[in-house]
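Each chain is listed here by its residues.
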Amino acid sequence: MSQILQAVRGMNDILPAEAELWELFEETVCSWLKAYGYRPIRMPIVEPTPLFKRAIGEVTDIVEKEMYSFVDGLNGEALTLRPEGTAGCVRAAIQHNLTSTPQRLYYLGQMFRHERPQKGRYRQFHQVGVEAFGYAGPDIDAEQILMGARLWGDLGLDGIELQINSLGQAEERARHRAELIAHFERHAELLDEDAKRRLHTNPLRILDSKNQAMQELCAAAPKLIDFLGEASLEHFEGVQSVLKNAGLPYVVNPRLVRGLDYYNLTVFEWVTDRLGAQGTVCAGGRYDGLVEQLGGKPTPACGFAMGVERLIALIQEADGVPEPAAPDVYLVHQGEMATRLAFQVAEGLRDQGMNVLQHCGGGSFKSQMKKADASGAPFAVIIGDDEATAGEAQLKPLRAGGGEQRRVGVEHLAEAIIDQLLDSEEE
Ligand code: HAM
């Protein structure tokens, strides 16, 4: 026997019981996005590799070690499976001139990062992302943060903590960076290998280190907030004042630096302690320089993305998996004429808005009726050749109190089902 093929490590099948929950999640998310005026955009899953290098930054974990990059064997082009959506969304907005007027856009779909798989961390995962272009003030940052709070409520989730920080502007970060390097250089003997490598390329990321031995050194490092100018501080205050007015609790986390290079000013993360090490369910911030950096006109921008797998895990923990929706009718049929009529009846009932599970695969009436019972449908419609000859069907209620079984002309079947449903509701 040939070996059974398995899915790629870190890339999961989402089976029907769970996929139904994903659909409910997506419905909630889409109506929530519409309530804030966001419009959908769909970008390709594969983009030119230089797009991610330029947008996310050469010295980031994502670009250095997590990208699924390959050379197109047919034309030699360097391509990458998208590790995130912001770069592609900005590329699309520039390419189609969407940045000349303000835009609120959203996308959902697969992202790919070659990370070590563990609970909540996968190599193929899904994000819902939003990006707003053309808004410079702190109001949109704050609105995007408030959006998160509303969604957690809509999804019935609690205990998700909001952390915010300001990364200031490039010049402010440059001055802070110089001081940071000087600080770490003064204590070079305490730096681990990763930190040494990053010292002159991305010293801010050293602050993100999980290495216990370096925590004290990081805590004593110069704080970016002390290097922020008036305008940056005012922007940060502006965001916080909306959050305070809305009564939304938050924590200012000066260590929140994010793993992608395009951010400036506001950054934020929503974090839970219920998912183990992978507790960030949603993250984002402002990236005013990226549109210009990728060849567009200078355009302020702000966005965030959430990890769908992590949110689904939280929902499952909170309410379990919902029961699959039962069909309205299970259609049982046997005999050549009966089967021909069954197809017509099923389509006719669907025309009336009903969900019909038509029995496929033959079998005795008895075995078909067992399946009808197991389907959870409130009615079985039964057609044998006898009924078919008369242009009729048996309507059999399957739930207690659903009324008597009776024979109905097929043209009156939908009506009879609706009447019987109304009768049983009244009882
Ligand atoms: P990110 O922080 O890299 O930001 O990812 C956003 C979210 O995606 C994370 O908070 C997490 O929930 C989820 N996520 C990331 N990696 C994985 C993984 N390997 N497995 C499962 N879930 C994961 C971005 O991607 C930015 N593009 C967000 C953004 C949009 N900033 C501005 N606009």
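Residues numbered from 1 in each chain as written. Predicted model: local features only at pLDDT ≥ 70, side-chain atom pairs only at ≥ 80, totals over all residues. Heavy atoms only, no water.

Participant: Explain the overall build of the chain here, please?
Facilitator: Tallying secondary structure elements over the chain gives 15 helices and 16 strands in all. For 427 residues, the compact-globule estimate of 2.2 N^0.38 gives 22 Å, and the C-alpha radius of gyration of the chain, at 29 Å, exceeds that figure by more than 25%. Reported as C-alpha extents along the three principal axes, the dimensions of the chain are approximately 95 × 60 × 45 Å. Here the chain, with 427 residues, has 48% of them falling under the buried criterion. A separation threshold of at least 6 residues defines the contact pool for the chain, and within that pool the share at least 24 residues apart is 68%. (Helix = DSSP H or I, 4+ residues; strand = E, 2+ residues; numbered from the N terminus. Rg over C-alpha atoms; globule rule 2.2 N^0.38 Å. Buried < 20%, exposed > 50% of the residue type's maximum accessible area, 1.4 Å probe, protein only. Contact = heavy atoms within 4.5 Å.)

Participant: For this particular structure, what's the right way to read the pattern of salt bridges?
Facilitator: If charged atoms from side chains of opposite charge come close, those side chains can pair. Under the definition given, this model contains 16 salt bridges. With a closest N to O distance of 2.5 Å, Arg-198 and Asp-61 form a salt bridge. Residue Arg-198 is located in helix α7 (residues 193–198), and its partner Asp-61 is located in helix α3 (residues 61–66); the two are separated by 137 residues in the primary sequence. Residues Arg-198 and Asp-61 agree in their burial class; the two are buried. Its salt-bridge partner being Arg-274, residue Asp-158 comes within 3.4 Å of it at the nearest N-O pair. Within this pair, whereas Asp-158 is found in the loop between α5 (138–154) and β7 (161–166), its partner Arg-274 is found in the loop between β9 (264–271) and β10 (280–286), the two being separated by 116 residues in sequence. Note on Asp-158: relative accessible area 53%, which makes it exposed. Salt bridges sharing common partners tie together Asp-61, Lys-65 and Arg-198. (Salt bridge = Lys/Arg side-chain N within 4 Å of Asp/Glu carboxyl O.)

Participant: Is there a simple way to explain α5 in this structure?
Facilitator: Think of an α-helix as 3.6 residues a turn; residues three or four steps apart then line up on the same face. Under the 1.5 Å per step criterion, the end-to-end length of α5 is 25 Å for 17 residues, consistent within 8% with the ideal 24 Å. Of the residues trailing α5, Gly-156 is marked for its positive phi of about 75 degrees. (Expected span 1.5 Å × (residues − 1).)

Participant: Is there a simple way to explain the sheet that holds strand β6 (residues 124–133) in this structure?
Facilitator: Paired through backbone hydrogen bonds, the strands of a sheet run either parallel or antiparallel to each other. Read from one edge of the open sheet, eight strands run β1-β5-β6-β11-β10-β9-β7-β8, paired in mixed fashion. Sheet topology places β1 (39–40) and β8 (251–252) at the edges, where each strand pairs with a single neighbour. Where strand β5 (residues 103–112) and β6 come together, ten bridges link them in antiparallel fashion. Bridged to Gly-109 within β6 is Gln-127. (Pairing = 2+ DSSP bridges.)

Participant: Would you explain the domain arrangement of the chain in this entry?
Facilitator: Frequently, the measure chosen for interface size is the accessible area that the parts lose on association. Domain boundaries assigned for the chain yield domain 1 (16–168 + 228–319) and domain 2 (329–426). On a C-alpha basis, the centres of domain 1 and domain 2 stand 48 Å from each other. (Domains from an automatic or database assignment.)

Participant: Help me understand the packing of α5 against helix α9 (residues 230–245) in this model?
Facilitator: Packed helix pairs are characterised by how far apart their axes lie and by the angle those axes make with each other. The N-to-C vectors of α5 and α9 enclose an angle of 40 degrees; their axes lie 8 Å apart at closest approach. If you check the angle between α5 and α9, you find them oblique. When you trace α5 past α9, the crossing you get is right-handed. The residues of α9 that touch α5, namely those facing Pro-138, Asp-141, Ala-142, Ile-145 and Leu-146, are His-235, Gly-238, Val-239, Val-242 and Leu-243. (Axes fitted to C-alpha atoms, helices over the stretch in contact; angles between N-to-C directions. Parallel < 35°, antiparallel > 145°, perpendicular 65-115°, else oblique. Left-handed = near helix turned anticlockwise from the far one by under 90°.)

Participant: I'm lost on the site of the ligand in this one. Help?
Facilitator: Taken together, 25 residues form the shell around the ligand, and within it Glu-84, Thr-86, Glu-115, Glu-131 and Tyr-263 come nearest. One of the side-chain N or O atoms of Arg-258 is found 2.8 Å from an oxygen atom in the ligand. Of all elements in the fold, only β6, β10 and β11 (301–307) reach the threshold of two or more residues within the shell around the ligand. The element that contributes the greatest number of residues to the shell around the ligand is β10, accounting for five residues. Among the residues making up the shell around the ligand, the classes are represented as eleven nonpolar, seven polar and seven charged. (Near = heavy atom within 4 Å. Polar contact = N/O pair within 3.5 Å; in protein donor to acceptor, adjacent residues only side chain to side chain. Nonpolar A, V, L, I, M, F, W, Y, C, P; charged D, E, K, R; others polar.)

Participant: Just to check I follow, could you spell out the environment of Cys-30 for this structure?
Facilitator: Residue position: Cys-30 is located in helix α1 (residues 16–35). Of the residues examined, Cys-30 reaches a relative accessible area of 22% and is grouped as partly exposed. Considered as a pair, Cys-30 and Glu-216 are 186 residues apart in the sequence and their alpha carbons are 44 Å apart.

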